[in-house]
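# Residue-level structure breakdown
For reference, the chains in residue letters:
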Amino acid sequence: MKDRAQVVIVGGGIVGCSVAYHLAELGWTDVVVLEQGQLSCGTTWHAAGLVGQLRSTESMTKLIQYSTDLYARLEAETGFGTGWKQCGSVSVARTPSRMTQLKRTAAQARNYGITAEVISAREAQELWPVMQVDDVVGGVWLPGDGKANPSDLTQALARGAQRRGVQVFERVRVLDTIVREGRVRGVVTDQGTIECDVLVNCAGQWAKELGRQAGVTVPLHSAEHFYVVTEQIDGVKPDLPVMRDPDGYAYFKEEVGGLVVGGFEPDAKPWAMDGIPHPFEFQLLDEDWDQFAIIMENAIHRVPALETTGVRMFYNGPESFTPDNMFLLGEAPEVGGYFVGAGFNSAGIASAGGAGRALAEWIVNGSPTSDLWPADLRRFARWAGNDTWLRDRVTETLGLHYAMSWPNRELETARPLRRSPVHHLLASAGACFGSKMGWERVNYFGTAAPYTFGRPEWQPAVNAEVEACRTHAAVFDQTSFSKFTLKGRDAAEVLQWLCTADVDVEPGRVVYTGLLNDQGGYESDLTVTRVAQDEYLIVTGSAQTTRDFDYISRGIGSRHAVLVDVTGAYAVFGVMGPSSRNILQSVSKADFSSFDFGTSRLVDLGYATVRATRVTYVGELGWELYVPAEFAVTVYETLLGTGIAQAGYYAIEAMRIEKGYRAWSRELGPEVTPAEAGLRFTCKKGIPFRGQDKALETPARRVVSIVLDDQDVQLWGGESLLADGVPVGYVTSAAYSPTLGRAVALGFVADASIGKADVDVAGDLYSAQISLKAPYDPTSARVKA
């Protein structure tokens, strides 16, 4: 055993070996892989080995596409067989709604450069002859998908890494992690201590406990996961595609003339609530036919031959699942040099190639080289490491693999968690709540409605909220905003470098700004309020608490400034609409008539003193009120006493799209520059800022507003834009516009001058108007359609 290495990777499964392989490929060879048992002995060895390319975002899809390319060439490079076979996959639908989802999936795939074909039930059966299709509506064929042998892949990756100088040690258990001055310094093992500069936690379902050794939150939990391997079945050939029947929770893969039959049941079974036993190598849990019954019954329905086919082996292999069904990747905000690649939600084989490369590039370059936000470890906060919360949540997340991907689908388990001080007042008013970053937030006021791809039943309620805000005023509970204070004599210097806009303003001024990476892409967008010469209030999105806090903290460096998260200390109420000034004036002695846009001041409001900030995210006159939590109920009751309407986030979404306001993770992200986003005006001149050199380069694409011509068609985001049948862009955000009486959207196109495009809505094309200008402008014509 070495006593020092530049990088120590803990975990010799497919992900850990992929990180090692790609670090070595990038020239970092002073790398040690530590495995407490043998390579692949934890979760990897019993994985089913399915590799489906398509994911919910383009960046995540690119990771899987790289995996397929890597697996196809790895055997020739290393001399180790991988079992990789590009056999394609078929997904079938039992219901019209599922077929709509599959059609949307196919359109999205084509936009990402993946071959996808919508097929009939008969065509699905021709591709997969052993199934009956009496109840099948149709399906999708993805010929680029495949399968691989997980253990063989792991060995091939390890061999490739070793040939470049990486050392792999088996039977070495990490007992503790050494952290000094906020950085990882080494690990203590049962065979001695190894000093290191970088630690990579790829410990699979052990990653949570390993993280706790260093004070790092790794929010995952183990759950039992099942499949069976059958005897041989007539008609099952080696080149049989993978088949998925998500309405039956089941998947099928050929194996030695028989089938691997597995799936993702809607109500999962958590495991190891009291910790994972040691040792646990190449081990399975007891068979549980009762838990597996819902999958097996549906499998027999789809493949009648299974009723008379023997089962060779029942696999109950526990795997780790995260609170949102996406894996965890990146540098931990708590400890410098501590990286995580874990929680792959039974998709580790498909993801390992791309995720391993992405994490290796992050380590070598010091920051991500692509948009990894959907998998970024920093999308969670410390509260997400609670074992009880995780246990309850994973009962649902395992089943999300095959659950309907409804627009605006909300997770139901482990709620409520974080609540605004006025939650009870909102609930008593009939609020329907969603959840973001653990916060219960009002979607709209009205009765709960079923999910749909069409015009939802809640739309009239949202229309009324939008109308109230556009014509009079409405109050929104926006307490879930992430809120920080930055204080110190160097606070302005810190923010001047990090922010695109000039924030060296007079106290009482508010500035909207971006935070960029070195490539000129958005790490976040937020507002900065200078409340004193040496103090700023920073307000950013609910989901970005950990990420933005980490980004700004790293930007402070040795300067004299302290960043404090004050999210829970303040409620935020948005009072928006043409009558907002009169409403606030009626409950305050402050002079709202001279309250300019982009200014902030302390004012009295009823019995309380609050910070009123004149900004808007809906395109109307309005103020955000920052209220100390203990006064929140009193202030909200005072506002309700004026007769103001209450509204939720669905209304905000519709109005911000009408006005063309960009949103983080949709129009803005690490690969989007201010020039592409149409936000050049937020970039200061003559003062340097991070990413400045690339921020304003001539854009290869632009964010545009989209107005659908057909008033009856619903858009949800993710749809492709076509011109003369050729993809030219895609929709990022969409909603029905009560103001325009039709769907509106934002999206990207390569050529903003095209003026018109067709929107692919589940295979049907609808014409739309394309413009760099927003369709709604309250300062001029009410509607520009």
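You'll find the structure just up there.
Quantities reported herein were computed from a predicted structural model and do not represent experimental measurements.

To continue, consider the overall build of the protein chain. If you tally the helices and strands in the protein chain, you get 18 helices and 39 strands. In summary, the protein chain has a C-alpha radius of gyration of 27 Å against a globular reference of 28 Å for 785 residues, a match within 12%. Across its three principal axes, the protein chain shows a C-alpha extent of roughly 80 × 65 × 50 Å. By the burial criterion, 62% of the 785 residues in the protein chain qualify as buried. Of all intrachain contacts in the protein chain linking residues separated by at least 6 positions in sequence, the fraction that spans at least 24 positions is 72%. By element, 48% of the accessible surface of the protein chain is carried by carbon and sulfur atoms, the whole surface being about 28900 Å². Of the charged side chains in the protein chain, 72 are positive and 94 negative; the average position of the first set lies 5 Å away from that of the second.

A separate point is the pairing of strand β25 (residues 510-516). Across the seven residues that make up β25, a large majority, six, are buried. Of the strand pairs in this sheet, β25 and strand β26 (residues 522-532) are connected by seven bridges, and their pairing is antiparallel. The partner of Y512 across the bridge, within β26, is T527. Where β25 hands over to β26, the hairpin turn is made up of five residues, of which G520 adopts a positive phi near 85 degrees.

Turning our eyes to something else, we now look at the environment of T154. In this structure, T154 sits in helix α5 (residues 150-163). Looking at T154, the relative accessible area reads 0%, which means it is buried. In sequence terms T154 and G13 are 141 residues apart; their C-alpha atoms lie 6.5 Å from each other. Not counting the four nearest positions on each side in its chain, T154 is found in contact with G12, G13, I14, C17, L39, S40 and T44.

Once that is clear, we can look at the sheet that holds strand β37 (residues 742-749). Strand order in the closed barrel made by the six strands is β34-β37-β36-β35-β38-β39, with antiparallel pairing throughout. Neighbouring strand axes in the sheet, compared pairwise and without regard to direction, differ in orientation by 45 degrees on average.

What follows is about the sheet that holds strand β29 (residues 570-576). Judged by pairing direction, the sheet is mixed, and its six strands sit side by side in the order β30-β31-β32-β29-β23-β33 without closing on themselves. Each of the sheet's edge strands pairs with one partner strand only, and the pair in question is β30 (600-605) and β33 (645-647). Pairwise comparison of adjacent strand axes, ignoring direction, gives a mean angle of 30 degrees for this sheet. The sheet contact formed by strand β23 (residues 474-477) and β33 spans three bridges and is parallel. Among the inter-strand pairings, A474 is bridged to a residue of β33, identified as A645. Its contacts with the sheet place helix α15 (residues 632-640) against β23, β29, β30, β31 (608-613), β32 (622-628) and β33, and it is angled at close to 15 degrees to β29.

On to the nonpolar core. I9, V200 and F327 are the most contacted members of the largest nonpolar core, which has 50 residues in total. At the level of secondary structure, the elements contributing two or more residues to this core comprise β1 (4-10), α1 (14-25), β2 (31-35), α2 (58-78), α5, β11 (192-201) and α8 (348-365). Top contributing element to this core by residue count: α8, with nine residues. Residue contacts for F327: discarding those within four places in its chain leaves M60, L63, A342, G343, F344, N345, S351, A355, A375 and R379. In this structure, L34, V216, V335 and A342 belong to the second largest nonpolar core, which totals 37 residues.

Counting across every chain of the model gives 30 aromatic pairs. Taking the centre distance of 6.5 Å and the plane angle of 20 degrees together, the rings of W406 and Y451 count as stacked. Separated by 45 residues along the polypeptide, W406 in the loop between α9 (387-397) and α10 (423-428) and Y451 in the loop between β22 (439-445) and α11 (459-471) bring together distant segments of the chain. With centroids separated by 4.5 Å and ring planes inclined at 45 degrees, the aromatic side chains of W458 and Y650 adopt a geometry described as tilted.

What follows is about the pairing of strand β10 (residues 183-189). As defined by bridge partners, strand β9 (residues 174-180) adjoins β10 across six bridges and the pair is classed as antiparallel. When the bridges of β10 are listed, T177 appears paired with V187. Hairpin connection between β9 and β10: a loop of two residues separates the two successive antiparallel strands, and E181 in this loop has a positive phi of roughly 50 degrees. Bridge count between β10 and β11: four bridges; the pairing is antiparallel. Within the sheet, the bridge partner assigned to T189 lies in β11 and is G192. Between β10 and β11, which follow one another and run antiparallel, lie two residues.

For residues other than glycine, phi is negative in most cases, and the peptide bonds are mostly trans. Following H278, the chain continues to P279 via a peptide bond in cis, the omega torsion being -5 degrees. Along the polypeptide, P279 turns up in the loop between β16 (258-263) and α7 (289-302). The residue S40 is not glycine, and still its phi comes out positive at about 70 degrees. Within the secondary structure layout, S40 lies in the loop between β2 and β3 (50-51). Positive phi, close to 65 degrees, is recorded for S346, a residue that is not glycine. By secondary structure assignment, the location of S346 is in the loop between β20 (338-342) and α8. Residue classification places S346 among the partly exposed residues on the basis of a relative accessible area of 25%.

This next bit is on the pattern of salt bridges. Under the criterion given, the structure shown has 41 salt bridges. Close ionic contact of R379 with D324 constitutes a salt bridge, the shortest N to O distance being 2.7 Å. Here R379 is found in the loop between α8 and α9, whereas its partner D324 is found in the loop between β18 (319-321) and β19 (328-331), with 55 residues between them in sequence. Looking at R379, the relative accessible area reads 9%, which means it is buried.

Before going further, it helps to examine the packing of α1 against α8. Two elements in contact, α1 and α8, have axes whose closest approach is 8 Å; the angle formed by their N-to-C orientations is 40 degrees. Classified by the angle their axes make, α1 and α8 are oblique. You can see that α1 and α8 cross each other, and the crossing is right-handed. Facing I14, V15, S18, V19, H22 and L23 of α1, the residues of α8 in contact are G348, I349, A352, G353, G356, R357, L359, A360, I363 and V364. Here the residues of the contact of α1 with α8 sort into 10 nonpolar, five polar and one charged.

Rules used throughout
- Residues numbered from 1 in each chain as written.
- Predicted model: local features only at pLDDT ≥ 70, side-chain atom pairs only at ≥ 80, totals over all residues.
- Heavy atoms only, no water.
- Helix = DSSP H or I, 4+ residues; strand = E, 2+ residues; numbered from the N terminus.
- Rg over C-alpha atoms; globule rule 2.2 N^0.38 Å.
- Buried < 20%, exposed > 50% of the residue type's maximum accessible area, 1.4 Å probe, protein only.
- Contact = heavy atoms within 4.5 Å.
- Areas by Shrake-Rupley, 256 points an atom, 1.4 Å probe, with all protein chains shown as cover.
- Lys, Arg positive; Asp, Glu negative; His and termini not counted.
- Charge placed at Lys NZ, Arg CZ, Asp CG, Glu CD.
- Pairing = 2+ DSSP bridges.
- Axes fitted to C-alpha atoms, helices over the stretch in contact; angles between N-to-C directions.
- Core = buried A, V, L, I, M, F, W, Y, C linked by side-chain atoms within 4.5 Å.
- Phe/Tyr/Trp six-rings, centres within 6.5 Å; stacked < 30°, edge-to-face > 60°.
- Salt bridge = Lys/Arg side-chain N within 4 Å of Asp/Glu carboxyl O.
- Parallel < 35°, antiparallel > 145°, perpendicular 65-115°, else oblique.
- Left-handed = near helix turned anticlockwise from the far one by under 90°.
- Nonpolar A, V, L, I, M, F, W, Y, C, P; charged D, E, K, R; others polar.

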